[in-house]
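Residue-level structural notes
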Amino acid sequence: MRRVAFAVMAVLLGAGLSAGLGACAMRDPYVATPATTTSGNWKIEKQTDRITGVPVPSAMLIVDNASNSFADYAKAASMQLTCFDGKPMVRFAFEFKVGTDPNSTLGYRFDDKPGHDNIAARFLQEYRTVVIEDRAAVTTFVNELATSNTLVIRIRSLAAGRTTAEFKLDGAPAALEAAFAGCPLTPLAPPPETKKKKRAAKA
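The rules behind these values
Residues numbered from 1 in each chain as written. Predicted model: local features only at pLDDT ≥ 70, side-chain atom pairs only at ≥ 80, totals over all residues. Heavy atoms only, no water. Helix = DSSP H or I, 4+ residues; strand = E, 2+ residues; numbered from the N terminus. Buried < 20%, exposed > 50% of the residue type's maximum accessible area, 1.4 Å probe, protein only. Polar contact = N/O pair within 3.5 Å; in protein donor to acceptor, adjacent residues only side chain to side chain. Contact = heavy atoms within 4.5 Å. Phe/Tyr/Trp six-rings, centres within 6.5 Å; stacked < 30°, edge-to-face > 60°. Disulfide = S-S within 2.5 Å.

**Structural notes on the side chain of Asn 68**
Its place among the elements puts Asn 68 in strand β3 (residues 58–68). Under the relative-accessibility criterion, Asn 68 is labelled buried at 9%. Here Ala 160 takes part through its backbone oxygen, which lies 3.1 Å from a polar atom of the side chain of Asn 68. Of note is the side chain of Asn 68, whose polar atom sits 2.8 Å from the side chain of Thr 163. Once residues within four sequence positions are removed from consideration, Asn 68 is found in contact with Phe 96, Lys 97, Ala 160, Arg 162 and Thr 163.

Written out as structure tokens, the structure is:
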């Protein structure tokens, strides 16, 4: 009888453990299956942030033509437009290492417009992601993106060779509006002059 009891307990414990593991496998939809809508080639996130109650500010474009000196085949890469900590940001992510801050540079060109080389950008520690977060650099990038069809980026790195990727920008206006709704890139208006300042100017 004791053996039977132990066997039953073992089965019950195993079932409980399996149920627990199954419960652990269920991730919150906020991180597992973000709701998106499409605008041309862009995926615009419509997931609501559980803390702020507003849509997550993000628009992403994914391509499969990213090439690197040390990669035998082209791989996927993404460009993301977003607000992070109230600041506008452009983020590029790759499936291979592209460089580090001390020895890498980022350049880009829209259509047949003049290119921009060695722009203000930061390479993250895993060496596969680079972000443009300087407000002036983001503003320049976004202003050109809004009126362009194609973007080519190029990274040069002493450690990771050369990397290129090309993005078709169909649907960009809606992506820009959604991504930067919470941190618009329009310059702030100068504060109005006080009466004292106006009098001083007249004097």
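**Overview of the packing of aromatic side chains**
Summed over all chains, the structure comprises 6 aromatic pairs. Aromatic pair Tyr 108 and Phe 141: ring centres 4.9 Å apart, planes at 75 degrees, arrangement edge-to-face. Of this pair, Tyr 108 sits in strand β6 (residues 104–110) while Phe 141 sits in helix α3 (residues 135–145), and the two are 33 residues apart along the sequence. Comparing Tyr 108 with Phe 141 shows no difference in burial state: the two are buried. The structure contains a cluster of three or more aromatic residues connected by ring pairs, namely Phe 92, Tyr 108, Phe 110, Phe 141 and Phe 167.

**Points about the state of the cysteines**
One pass over the full model with this rule turns up 1 disulfide. The side chain of Cys 83 participates in a disulfide bridge whose partner is Cys 183; the two sulfur atoms lie 1.6 Å from each other. When the S-S torsion is -100 degrees, as for the bridge of Cys 83 with Cys 183, the disulfide is left-handed. With Cys 83 in strand β4 (residues 75–84) and Cys 183 in the loop between α4 (172–179) and α5 (195–202), this pair connects stretches of sequence that are 100 residues apart. In this structure Cys 83 comes out as buried when scored by relative accessible area, which is 14%. According to the relative accessible area criterion, Cys 183 is buried, its value standing at 3%.

Worth remembering: the numbers are spatial, not functional.
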